[in-house]
Each structure stands twice: as structure tokens, then as C-alpha cells.
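Spelled out, the chains give:
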Amino acid sequence: MCGPDWLEQGMNHVWLPYTQMRTTLPPLPAMGTRGCTITLADGRELVDGIASWWTACHGYNHPHIRAAVATQLERMPHVMFGGLVNEPALTLATRLASMLPGDLERVFFTDSGSVAVEVAMKMAIQYWLNRGRTGRTRLVAFRGGYHGDTMATMAVCDPEEGMHSLYQGALPEHFIADLPVDETSTQALDALLRQSGDSIAAIIVEPLVQGAGGMLFHAPEVLRRLRELADRHGVLLILDEIFTGFGRTGTLFACEQAGIVPDIITLSKALTGGTMALAATVARRHVFEAFLSDNPLHALMHGPTFMANALACASANASLDLFASEPRLEQVGRISEQMRAELESCRGLPHVVDVRVMGAIGVVELERIGDMNALKSALIAQGVWVRPFRNIVYLTPAFTITPAELTRLTTAIHTVLSQSAPDTAHRC
Ligand SMILES: *Cc1c(COP(=O)(O)O)cnc(C)c1O
């Protein structure tokens with residue numbers, strides 16, 4: 001390895017995510033970010049196509065978010081949320097309630113998406129207990145889904161991706177079904193809910209796009225079916241909009257495209273514009289009301305130490321200001337059109353089986369990716385930061401990306417996928 005001292009020393013001590021540390025290429029030292037570029041220690045600048053796992057929707061270092069966080073830092077970085085509240089958190093809760101459809105109006109803050117999903121699961125299970133209905137402890141989740149990495153959320157991920165068999169015995173068992181995309185799958189789900197409804201607390205789904213499971217798209221009609229089935233069988237519906245929320249699919253929230261309101265929604269990723277860790281689980285009024293009683297045990301028993309962190313909430317409020325003051329959804333529309341036009345040329349390339357675009361998500365699906373390290377290196381050699389996974393190469397850029405930057409990304413993907421033996425020399 002080469003680079004600054006801290007890199008060489010620190011690499012002996014950090015444990016990287018999703019990484020076979022014996023065989024994967026070493027990570028690149030990022031020294032600075034601005035707009036849609038990442039600067040590396042050796043001075044190279046990469047155009048970012050991923051927006052740091054879909055979070056940095058306004059580009060990096062947006063001056064409005066920086067100023068809001070700096071002001072809050074002076075005043076009060078953090079104060080516990082037990083017995084005390086803070087202005088940024090309460091303002092954010094009020095704003096989220098007014099942006100979300102229907103009576104999704106009760107916000108529980110956490111610091112990561114996985115924990116927001118765990119809270120949604122606890123809410124759903126305890127909702128039934130508080131109403132005197134015991135035994136409803138299981139969820140219905142879908143093949144291809146992803147809801148987080150913690151033990152409880154792994155159990156509602158796709159069984160293969162969530163490695164259910166590896167962790168067998170350690171994970172709670174839920175029902176994993178096929179999304180109701182056609183007559184057969186709809187009837188199968190209807191039958192499951194009819195037979196096992198008494199043991200089911202909720203259905204959980206990522207609306208319109210199953211993200212980390214492979215950027216798989218489904219139609220709004222599927223969500224309307226899920227709402228209808230949940231109502232018919234008396235179970236709750238949880239929409240995990242951690243990836244899709246805040247404009248990514250073309251509307252502020254994906255559920256708007258189906259015209260449905262879930263009972264519980266989870267948000268994170270772009271919530272703070274990519275600046276701070278924050279997540280929210282938002283419940284409808286009837287869900288919240290099931291927790292109101294004279295019995296202290298009917299309270300929601302959850303409370304992360306750093307919940308409703310004032311810096312993170314200030315950052316989220318600043319991000320929401322930008323959605324109000326800048327034309328984000330139009331930008332998403334333009335990105336969508338440009339990706340549709342420019343990624344289309346990948347369709348004819350060897351091993352490409354599909355090209356699809358929804359909102360600011362562009363996907364080139366391959367039969368399989370043989371040499372992942374070689375592909376990643378080839379993309380970096382093109383001066384772009386694009387992270388293929390499984391069998392897909394995808395773009396989820398910041399909504400503020402310029403047409404020229406986006407063209408650099410789509411061109412890089414086309415170039416690299418055209419090469420039969422990608423150039424692997426990037427180390428030093
Ligand atoms: C990223 C993601 C999560 C998990 O969020 P973390 O902050 O990584 O814990 C859950 N659900 C969806 C849909 C996600 O995209």
C-alpha cells in the first residue's frame with residue numbers, strides 16, 4: 001500500500017464493511033468532497049455516481065447545510081432526548097409530518113436506518129399487544145428486499161442476501177413472500193395472510209425499488225395491492241422509504257406514486273442530505289393512539305442514546321429547506337431523462353441483460369460480474385466513483401449533478417463495459 005502514514009497504520013486496525021479483507025482491493029483515502037467530486041490523497045478527483053450510499057442528494061458540503069450545522073454546533077451539539085427536547089428535532093418532526101401523506105404524523109428519531117426499521121417492527125408488534133391481540137409477532141417481507149444489517153432486520157431481508165441459512169437459529173423467522181406483481185403471486189400472498197394472519201403484525205416493503213437487493217423495480221399497482229391486502233386481512237403496512245424517500249424515485253416519497261398511505265414509514269439515507277447520521281420512524285395517528293393508556297407498559301420501549309441529535313436534526317432541517325427552495329424534483333426528472341438516453345447504449349454490450357431507469361436511479365444489469373476488483377479498478381481509472389455490486393452497475397447521483405458530470409459517469413460505464421479485459425492497474 002502507498003499513501004499517507006495514517007492510512008498504512010490505520011488499515012491494520014479498521015474492519016471494513018462487506019469486505020473480504022484478504023482479497024478485496026484496498027480502499028482509497030478520501031481527503032475532501034465538494035459538489036459531486038471526491039478528492040483522493042494523491043490529488044485525483046473522482047466524479048461521484050453514488051452520493052455516498054444515496055445520502056448526499058444536494059452534493060457534498062452544501063453551504064446551507066454546513067452553515068446550519070455550524071450554527072447549531074455553537075448553540076448546542078447534543079442534549080439527551082429523555083425528559084428534554086430540542087428545537088431542531090421538534091421543528092423537524094413538524095415538518096416531516098406536514099410533508100408526509102395522510103396522518104403519518106408521529107415521528108420517532110433514531111440514528112440509523114436499520115434501527116428505524118427495528119423500531120417500526122417493535123411498533124407494529126406492540127400495536128397489537130397493546131390492543132389485547134397476542135401472538136402477532138411475525139412479519140411478511142419480500143424476496144429481493146433489504147431492510148438493514150442488524151439481527152432483527154436481517155431476518156426480513158432477502159433470505160440469500162440476508163444469509164438466513166448462515167445465521168439459522170440466530171434470526172427470528174418471518175414469512176418471506178414474492179411481491180404481488182401478478183395474479184399468481186397476489187393469490188399466494190392473499191392465501192398466506194388468510195391462513196397465518198393471526199400471527200402476523202405487519203407487511204414490510206421497500207416501495208417501487210428494492211435497493212440494496214439489486215435495484216429491482218416494481219409498479220405502483222403492487223403497492224396498492226399490498227395496501228388492499230393489508231386492510232382486508234387486518235395487518236399493518238410498513239413502507240421502508242430509507243432509500244426511496246426524498247425524491248430518489250421522482251416524487252418526494254415513492255408511496256405518492258401509488259396514492260397509498262402506509263401505517264408506518266421509515267426514513268434515513270438522504271434525510272440529512274448526507275451530512276449526519278439520522279433516521280426516523282413515522283407512524284399514523286391510529287398506531288400512536290394504541291400506545292396511549294394508563295398502563296406504563298403500553299409505552300414504546302425504545303430510546304437510543306443519541307436520538308434526535310440536535311446537529312443531525314439541524315442538518316435535516318437545512319436539507320428540507322433545500323427541497324423547498326431549489327428545484328430538486330425537476331432536477332431528478334432531468335437526470336432521469338439523461339440517464340435514459342445515455343445508458344441506453346449499454347443495452348447492446350456483451351453480458352448486459354437489462355438497462356432501467358427510475359427517477360435518479362440508473363441501472364445496468366449484467367448476466368454476472370466475473371472479476372469485481374477489475375471492474376471497480378477500471379471505473380476508478382476512468383475517474384468516476386461507481387460501486388457495482390452483485391450483477392449490477394448503477395448510478396444514484398446527487399440531484400445537483402451537472403449534465404457534463406453525469407455524462408462522464410455514463411460514458412465511463414459504457415467504456416468499461418465495452419472493454420473485454422478491463423485495465424486493473426490503479427494501485428499506486
Ligand atoms: C440503507 C437501508 C437500510 C439500513 O440503513 P442503515 O442506516 O444502513 O442501517 C434499511 N432499509 C433500506 C431500504 C435501506 O436502503
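Model, not experiment: these values are computed from the prediction.

### Concerning the packing of helix α7 (residues 183-196) against helix α8 (residues 220-233)
The interhelical angle for the contact between α7 and α8, taken along N-to-C directions, is 25°, at an axis separation of 10 Å. Taken together, the axes of α7 and α8 are roughly parallel relative to one another. For the element pair α7 and α8, the recorded crossing hand is right-handed. Judged by residue contacts, Thr 186, Leu 189, Asp 190, Leu 193 and Arg 194 of α7 engage Arg 225, Leu 226, Leu 229, Arg 232 and His 233 from α8. Taken together, the residues of the contact of α7 with α8 break down into four nonpolar, two polar and four charged.

### Brief notes about the pairing of strand β10 (residues 236-240)
In terms of burial, β10 is a largely internal element, five of the five residues being buried. Where strand β7 (residues 200-205) meets β10, four bridges bridge the pair, whose relative direction is parallel. Directly across from Val 205, in β10, lies its bridge partner Leu 239. As paired elements, β10 and strand β11 (residues 264-267) share three bridges and run parallel to each other. By the bridge assignment, Ile 238 is partnered in β11 with Ile 264.

### A few points about the UniProt feature "modified residue: N6-(pyridoxal phosphate)lysine" (unreviewed entry) in the protein chain
The UniProt entry lists Lys 269 under the feature "modified residue: N6-(pyridoxal phosphate)lysine" (unreviewed entry), expressed in the numbering used here. Relative to the helices and strands, Lys 269 is located in the loop between β11 and β12 (279-284). Lys 269 sits in the partly exposed class, given a relative accessible area of 24%. With near-sequence residues (within four places) excluded, Lys 269 lies in contact with Trp 53, Trp 54, Thr 55, Ile 242, Phe 243 and Gly 274.

### A few points about a nonpolar patch on the surface
On the surface, Met 151, Met 163, Leu 166 and Tyr 167 cluster together to form a nonpolar patch covering roughly 380 Å² of accessible area. Structurally, Tyr 167 is set in the loop between α6 (151-154) and β6 (175-177).

### Remarks on the sheet that holds strand β1 (residues 30-34)
Within the open sheet, the four strands sit side by side as β1-β2-β3-β15. Their pairing is mixed. Strands with a single pairing partner mark the edges of an open sheet, and in this sheet they are β1 and β15 (384-385). Against the sheet, helix α14 (residues 403-418) makes contact with β2 (37-40), β3 (45-48) and β15, and its axis sits at roughly 90° relative to β3, the strand it touches most.

### Quick look at the UniProt feature "binding site: pyridoxal 5'-phosphate" (unreviewed entry) in the protein chain
Following the UniProt record, one finds the feature "binding site: pyridoxal 5'-phosphate" (unreviewed entry) at Gly 113, Ser 114, Asp 240, Pro 304 and Thr 305. A maximum C-alpha distance of 22.9 Å among these annotated residues, which run over 193 residues, shows that they spread across the structure rather than meeting at one spot. As for its position among the elements, Gly 113 is in helix α5 (residues 113-130). With relative accessibility at 15%, the residue Gly 113 sits in the buried group. Once residues within four sequence positions are removed from consideration, Gly 113 is found in contact with Ile 242, Ser 268 and Ala 279. Within the secondary structure layout, Ser 114 lies in helix α5. Excluding anything up to four places from it in sequence, Ser 114 contacts His 147, Gly 148, Asp 149, Thr 150 and Thr 153.

### Re the packing of aromatic side chains
Using the criterion set out here, one finds seven aromatic pairs in the structure. The interplanar angle of 50° and the centroid separation of 4.1 Å between the aromatic rings of Trp 54 and Phe 243 together place this pair among those described as tilted. Separated by 189 residues along the polypeptide, Trp 54 in helix α2 (residues 51-54) and Phe 243 in the loop between β10 and α9 (255-258) bring together distant segments of the chain. The exposure class assigned to Trp 54 is buried, which follows from its relative accessible area of 7%. For the pair Trp 54 and Tyr 394, a centre-to-centre distance of 6.5 Å together with 75° between the ring planes defines the contact as edge-to-face. Separated by 340 residues along the polypeptide, Trp 54 in helix α2 and Tyr 394 in strand β16 (residues 392-395) bring together distant segments of the chain. Put simply, the rings of Trp 54, Phe 243, Phe 389 and Tyr 394 pair up and form one aromatic cluster. In this structure, Arg 356 packs its charged tip against the face of Phe 217, placed 5.5 Å from the ring centre.

### What to know about the environment of Val 353
Here Val 353 shows up in strand β13 (residues 352-358). Under the relative-accessibility criterion, Val 353 is labelled partly exposed at 45%. Sequence separation between Val 353 and Val 364 is 11 residues; the distance between their C-alpha atoms is 7.8 Å. Apart from residues lying up to four places away in sequence, Val 353 is in contact with Glu 365, Leu 366 and Glu 367.

### Overview of the pattern of salt bridges
Tallying each qualifying case throughout the model produces 18 salt bridges. For Arg 390, the salt bridge is made with Glu 161, and the minimal N-O distance between the two is 3.1 Å. Pair noted here: Arg 390 is in the loop between β15 and β16 and Glu 161 is in the loop between α6 and β6, with a separation of 229 residues, a long-range link. For Arg 390, a relative accessible area of 38% puts it in the partly exposed group. A salt bridge links Arg 227 to Asp 263; the nearest nitrogen and oxygen atoms lie 3.0 Å apart. Taken together, the positions of Arg 227 in helix α8 and Asp 263 in the loop between α9 and β11 put the pair 36 residues apart, joining distant regions of the chain. Given the relative accessible area of 11%, Arg 227 is considered buried. Among the residues examined, Asp 263 registers a relative accessible area of 3% and is labelled buried. Through salt bridges with shared partners, one network takes in Asp 103, Arg 227, Asp 231, Asp 263 and Arg 284.

About the criteria used
- Residues numbered from 1 in each chain as written.
- Predicted model: local features only at pLDDT ≥ 70, side-chain atom pairs only at ≥ 80, totals over all residues.
- Heavy atoms only, no water.
- Axes fitted to C-alpha atoms, helices over the stretch in contact; angles between N-to-C directions.
- Helix = DSSP H or I, 4+ residues; strand = E, 2+ residues; numbered from the N terminus.
- Parallel < 35°, antiparallel > 145°, perpendicular 65-115°, else oblique.
- Left-handed = near helix turned anticlockwise from the far one by under 90°.
- Contact = heavy atoms within 4.5 Å.
- Nonpolar A, V, L, I, M, F, W, Y, C, P; charged D, E, K, R; others polar.
- Buried < 20%, exposed > 50% of the residue type's maximum accessible area, 1.4 Å probe, protein only.
- Pairing = 2+ DSSP bridges.
- UniProt positions renumbered as here; feature names shortened; annotations may be inferred.
- Patch = residues over 30% accessible without salt bridge, like charges linked within 9 Å, V, L, I, M, F, W, Y side chains within 5 Å.
- Areas by Shrake-Rupley, 256 points an atom, 1.4 Å probe, with all protein chains shown as cover.
- Salt bridge = Lys/Arg side-chain N within 4 Å of Asp/Glu carboxyl O.
- Phe/Tyr/Trp six-rings, centres within 6.5 Å; stacked < 30°, edge-to-face > 60°.
- Lys NZ or Arg CZ within 6 Å of the ring centre and 35° of its normal.

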